[in-house]
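Okay, here's what each chain looks like letter by letter:
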Amino acid sequence: MNERRSTSSTSPAVGRALDILVHLAGRSGPVKTAALARDLGIPRSSAYHILTVLAERGFVTYLPKEQAYGLGVAAFEIGSAYLRHEPLERLARPILRGLAGNLGQTVHLGIVHGAESVYLLKERPRSGRSGDVEAALVTDIGVRLPAHLTANGRAILAHSTEAQVRALFPRPGDLITRTGRGPRSLAELLALLARDRERGWSEESELVSKGFRSLGVAAFDHHGRPVAALSSTWHTHRSTHEPDAVRDALWEGAARLTSAVSGHPPVTPATGQPVGFPASKAPSRR
């Protein structure tokens, strides 16, 4: 299907560059230059030139094996930047506050910025039950951690395209660790993300800090793309709830946040069912 778009008569190159970025953002995998030129109705030579400039600035990345382009780190960062603004936090804060109170555990709202998890909100239970746990947690508002190690980050990465994940980790054979545990290669990380995507949640146990475990669930925008994640962290030997109960509570909270931003989870083509939520917790498609 042809997807020609009108471009500005005063700056067609800018319009075409934006069209290319939007086109790549809507695809589940990398796209060849010829297909981009055909779908957008622009000369192939212009497409090559624009892609070269976008690649130099990190907005797209070239994948030699596929001989195709996907979104780069700069596009990923801009796409998630608006989530650090107050409106999302205002919508999420009462949801996190309720989760922290019900679970008796710390709950976070986070995004992925580059290859890092960034924590935007942190809600603690009102009781003093988690005081010793809080003192040991490294997660706080503004803290950045490797996204491939955190449940929050992996919940988002699991619903990102493989091209985006490859762009975020340019040295795929040398993923860092904090505790000596966790994925060491891009292939191992992609396998973990595929599992997380299928089941609809992510977890880490002692990958960020020894003695602590976290679960994370993504929330989605109106395109069905991950915009943020809710996660909860607790001491591995002193949990108030079973992990399944924590997961279900986070599913409920993520569904509420998804609805609040007028979003919906992506749909699995084979089943037509929402990805990332059980049927009973999935927000309705608008």
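Reading the values: rules and limits
Residues numbered from 1 in each chain as written. Predicted model: local features only at pLDDT ≥ 70, side-chain atom pairs only at ≥ 80, totals over all residues. Heavy atoms only, no water. Core = buried A, V, L, I, M, F, W, Y, C linked by side-chain atoms within 4.5 Å. Buried < 20%, exposed > 50% of the residue type's maximum accessible area, 1.4 Å probe, protein only. Helix = DSSP H or I, 4+ residues; strand = E, 2+ residues; numbered from the N terminus. Polar contact = N/O pair within 3.5 Å; in protein donor to acceptor, adjacent residues only side chain to side chain. Contact = heavy atoms within 4.5 Å. pLDDT = per-residue confidence, 0-100.

Re the nonpolar core
Of all hydrophobic cores here, the largest spans 27 residues; its most connected members are Leu96, Leu99, Val107, Leu109, Leu230, Leu250 and Leu257. When residues of this core are traced back to their parent elements, those giving at least two are α5 (86-103), β3 (106-113), β4 (116-123), β7 (212-220), β8 (226-235) and α10 (243-260). The element contributing the most residues to this core is α5, with 7 residues.

Some thoughts on the side chain of histidine 148
In this fold, histidine 148 is placed in the loop between β5 (144-146) and α7 (151-157). A distance of 2.8 Å separates the side chain of histidine 148 from the backbone oxygen of isoleucine 176, its partner in a polar contact. Sequence-distant contacts of histidine 148, defined by excluding residues within four places in its chain, comprise Arg154, Leu157, Phe169, Leu175, Ile176, Pro183 and Leu189.

Notes on the environment of threonine 150
Structurally, threonine 150 can be placed in the loop between β5 and α7. Overall, threonine 150 belongs to the buried group, its relative accessible area being 2%. The spatial distance from the C-alpha of threonine 150 to the C-alpha of glutamate 206 is 9.7 Å, given a sequence separation of 56 residues. Polar contacts involving the side chain of threonine 150 include one to the main-chain amide nitrogen of glycine 153, which spans 2.8 Å.

Concerning the confidence of the model for the chain
A low pLDDT means the predicted coordinates there should not be read in detail. Averaged over every residue, the pLDDT of the chain is 82; residues scoring 70 or more account for 79%. Mean pLDDT across the elements of the chain bottoms out in helix α6 (residues 131-136) (49) and peaks in α7 (95). Low confidence marks residues 1-8, where pLDDT is under 50. Its contacts with residues over four positions away, or in another chain, come to 19 contacts.

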